[in-house]
Amino acid sequence: MAGVSRLQYTTEIRLIRVMCSGRVDLEFVLRAFSNGMDGVFIGGCRLNECNYSTHGNYHALNMVLLCRKIMEHVGLNPERLRIEFMSSAEGILFAEVMSEFGNKVKELGPLGKGERIDQNELKSKLAEITKLVPYIKLVKKEKLASRLENPEEYDRLFTKDEIDKLFSEVISYYIDPEKCQACMTCAKRCPVEAILSAKNQVHVIDQEKCIKCGTCFEVCPPKFRAVTEIVGAPVPPPIPEEKRTIVRKSKPR
Ligand code: SF4
Ligand code: SF4
């Protein structure tokens, strides 16, 4: 509507259309910042006027509330991320909000520089958090599905302490080479093929691919209990390939 009505608004934006604001994933926002965007704006339909039964705009709102706290955690000004809800007929409102947001981002300055964060440090922090997105979404899935009716509740959905704890107590999974019996159950159930699996070989989790869903921990048979949860601590290095073969004792005749 803003374009059809020839309304003027900031020219520094790049529009990316999606079918629903709920499609805008936390990872997209983090990637935009990693790629050097100074601000991200998400425009969704008015709350409770979603075209879909999924109410995707509430998902978008919760994702933004979470992302803003994550931004605070890494030292970025959360005002660089904004969400607004409006109908397609509200061109004037869109133009006003875009110009206002453009001015705000200019006032904040280039990403990271405005906050005096070292650029390399910022890049590596954003990359680290982006890798944890599936884990973050899993751990916070109940809050991410909330439907907050009152804007006064927005700032309380996620707290700073909660987000600091989320990153200081990240869970990792590790297969104990002394206990693994290569039954292959975990590898068959891993949703992202993160477990290096071969017959009669101790199984190993590829930590780069693992999304920390915990399935391997749950499905490893109780008689083996080979998968352990490690909270907020480094994972031991994988056992070298040449030492992975399991030597089974032959049964006495
Ligand atoms: S935690 Fe999930 S993703 Fe990671 S290795 Fe286990 S099953 Fe695969
Ligand atoms: S389920 Fe347990 S015992 Fe079986 S391969 Fe995986 S880690 Fe090893």
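As shown above, the structure is provided for reference.
Residues numbered from 1 in each chain as written. Chains lettered and ligands numbered in written order. Predicted model: local features only at pLDDT ≥ 70, side-chain atom pairs only at ≥ 80, totals over all residues. Heavy atoms only, no water.

*Asks:* Let's hear about empty space enclosed by the protein: which residues, and what values?
*Replies:* Any empty space left between atoms is shown by rolling a water-sized probe over those atoms. Taken as a whole, this structure holds two cavities of 30 Å³ or more when the rule is applied. By volume, the largest cavity amounts to about 90 Å³. As for the largest cavity, its lining consists of 14 residues, and the residues nearest its centre are Cys190, Ala194, Cys210, Cys213 and Cys216. Of the residues that constitute the lining of the largest cavity, the class distribution is 11 nonpolar, two polar and one charged. Space inside the second largest cavity adds up to approximately 80 Å³. Ile175, Cys180, Gln181, Ala182, Cys183, Met184, Cys186, Cys220, Pro221, Phe224, Ala226 and Val227 together form the lining of the second largest cavity. Broken down by class, the residue content of the lining of the second largest cavity amounts to 11 nonpolar, one polar and no charged. (1 Å grid on protein atoms, 1.4 Å probe; cavity = no way out; pocket = protein on both sides within 12 Å on 5 of 7 lines; lining within 4 Å. Points joined across faces, edges and corners; volume = space filled by probe spheres on them. Nonpolar A, V, L, I, M, F, W, Y, C, P; charged D, E, K, R; others polar.)

*Asks:* Kindly report on the nonpolar core, identifying the contributing residues and their values.
*Replies:* Ranked by internal contacts, the top residues of the largest apolar core, which has 58 residues, are Leu26, Val29, Ile42, Leu81 and Ile136. With 10 residues, helix H2 (residues 56–74) is the single largest residue contributor to this core. In this view, Ile136 contacts Leu26, Leu66, Ile70, Ile129, Leu166 and Phe167; residues no more than four positions away in its chain are not counted. Membership of the second largest hydrophobic core comes to seven residues, among which are Phe41, Phe94, Val97 and Val105. (Core = buried A, V, L, I, M, F, W, Y, C linked by side-chain atoms within 4.5 Å. Buried < 20%, exposed > 50% of the residue type's maximum accessible area, 1.4 Å probe, protein only. Helix = DSSP H or I, 4+ residues; strand = E, 2+ residues; numbered from the N terminus. Contact = heavy atoms within 4.5 Å.)

*Asks:* Explain the environment of Gly43 residue by residue, including any values.
*Replies:* Within the secondary structure layout, Gly43 lies in strand E1 (residues 40–44). Separated by 40 residues in sequence, Gly43 and Ile83 have C-alpha atoms that sit 5.8 Å apart. Once residues lying within four places of it in the same chain are set aside, the contact partners of Gly43 are Ser21 and Glu84.

*Asks:* Residues and numbers for helix H4 (residues 119–131), please.
*Replies:* Relative to the 18 Å expected for 13 residues at 1.5 Å per residue, H4 spans 18 Å between its end C-alpha atoms, a close match to the ideal helical length. Within the sequence span of H4, burial applies to Leu122, Leu126, Ile129 and Thr130. Within H4, the buried residues cover an arc of 100° as seen down the axis, which keeps them to one side. Of the exposed residues in H4, those oriented more than 90 degrees away from the buried face are Asn120 and Glu128. Measuring from the backbone nitrogen of Asn120 back to the side-chain oxygen at the start of H4 gives 3.2 Å, which picks out Asp118 as the cap. (Expected span 1.5 Å × (residues − 1). Arc of directions from axis to C-beta. Polar contact = N/O pair within 3.5 Å; in protein donor to acceptor, adjacent residues only side chain to side chain.)

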